[in-house]
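Coordinates in review
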Amino acid sequence: MTKGSFATVVDSFRATLSSLPDKRTGKNTRYEMLDAGLGAFSVFFTQTPSFLAHQRKMADTKGRSNAQTLFGVHQVPSDNHIRELLDGISPPVLYPVFDSILQLLQATEQLSSFRSFADNLLMPLDGTEYFSSTKIHCAHCSTRVLKSGETHYYHSVVTPVIACPGRSEVIPLVPEFVVPQDGHDKQDCENAAAKRWFVQYGPRYRDLRITVLGDDLYCRQPLCERLLTEQFNFILAVCRSHIKRSTNI
Ligand SMILES: [Zn+2]
């Protein structure tokens, strides 16, 4: 990404973070929310192993000037203060950032360099757990019973990306959280979350000519039908052990 493009992405990100809802009132709250959002993001951007390590790095002159130069961080609030400010924010508030990055890559023709098989963009689907505990849980947790008999509580999310063989960078798209759905007794799962994603975002992305990739969690007829309806190509693999299980070979 060129220096100018990066600045455009950061501007769009800053504009979204500046408009984060804040229940508090006071003259400096807008900058605090912006700094909290940028502070949380820079932990991931700099790939620091922990928040504490990040705070230490920020205390170092070089680290601080990096964050200030790249993102225009005013003052990074403490770990606890960031959680306090951001915990109540609904994730969809940040979703416009994903689209503005994609639009920019499209406008500057950088997206086309990600095209590979059949001149399509490859979109691997995968889920990841971002919370896991046997002790702490909430009303929105998914659960599984461990061999020990203990209940494992977790939160997971399906994270579609645009990827290209041989390239280490990927373009993240809007995620879909795996959460209990209103009116459904059955536990929500990655496959159902993926279906919701295509119902909601399929019409927006279908013109990009995308081939969806997924493992056997996604290789189910209803999702395949949804992908056909939304006009996506797909390669969904059934793993060998799954074939053996289902055919009793
Ligand atoms: Zn929970």
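About the criteria used
- Residues numbered from 1 in each chain as written.
- Predicted model: local features only at pLDDT ≥ 70, side-chain atom pairs only at ≥ 80, totals over all residues.
- Pairing = 2+ DSSP bridges.
- Helix = DSSP H or I, 4+ residues; strand = E, 2+ residues; numbered from the N terminus.
- Contact = placed C-beta atoms within 7 Å.
- Expected span 1.5 Å × (residues − 1).
- Bend = angle between axes of the 7 residues up to and from the residue.
- Buried ≥ 20, exposed ≤ 12 C-beta atoms within 10 Å, placed from the backbone.
- Axes fitted to C-alpha atoms, helices over the stretch in contact; angles between N-to-C directions.
- Parallel < 35°, antiparallel > 145°, perpendicular 65-115°, else oblique.
- Left-handed = near helix turned anticlockwise from the far one by under 90°.

**Considerations on the pairing of strand β4 (residues 151-158)**
Across six bridges, strand β2 (residues 127-133) lies against β4 in antiparallel orientation. Bridge pairing links Ser-133 to Tyr-153 in β4. By the bridge criterion, four bridges tie strand β3 (residues 142-145) to β4 in an arrangement that is antiparallel. Within the sheet, the bridge partner assigned to Ser-142 lies in β4 and is Tyr-154. Joining the antiparallel neighbours β3 and β4 is a turn of five residues, in which Gly-149 adopts a positive phi near 95°. In this sheet, strand β7 (residues 176-178) lies alongside β4 in antiparallel orientation, the contact comprising three bridges.

**What to know about the environment of Thr-134**
Within the secondary structure, Thr-134 is located in the loop between β2 and β3. Remark: the alpha-carbon pair of Thr-134 and Tyr-154, spanning 20 residues in sequence, is separated by 8.6 Å. Residues in contact with Thr-134, not counting those within four places in the same chain, are Glu-150, Thr-151, His-152 and Tyr-153.

**Description of helix α7 (residues 190-205)**
A rise of 1.5 Å per residue sets the reference length of α7, with its 16 residues, at 22 Å; its end C-alpha atoms lie only 20 Å apart and thus fall more than 12% short of the reference. At Val-199, α7 shows its largest bend, some 45°, and a proline, Pro-203, comes one to four positions later. When we look at burial in α7, the residues that qualify are Glu-190, Ala-193, Ala-194, Lys-195, Trp-197, Phe-198 and Tyr-205. Residues of α7 that are buried make contact with β2, β4, β7, β8 (210-214) and α8 (221-229).

**Things to note about the packing of α7 against α8**
Remark: α7 packs on α8, axes separated minimally by 10 Å, with the N-to-C direction vectors making an angle of 15°. Judged on the interaxial angle alone, α8 and α7 are roughly parallel. Where α7 crosses over α8, the two elements pack in a sense that is left-handed. Along the contact surface, α7 presents Asn-191, Ala-194, Lys-195, Phe-198 and Val-199, while α8 presents Pro-222, Leu-223, Arg-226 and Leu-227.

**Thoughts on the sheet that holds strand β1 (residues 121-124)**
Reading across the sheet, the three strands line up as β1-β8-β9 and stay open at both edges, with parallel pairing between neighbours. This sheet does not close on itself; its edge strands, each paired only once, are β1 and β9 (233-236). Recorded for the sheet is a direction-independent mean angle of 20° between the axes of neighbouring strands. Here four bridges tie β8 to β9, and the two strands are oriented parallel to one another. Among the inter-strand pairings, Thr-211 is bridged to a residue of β9, identified as Asn-233.

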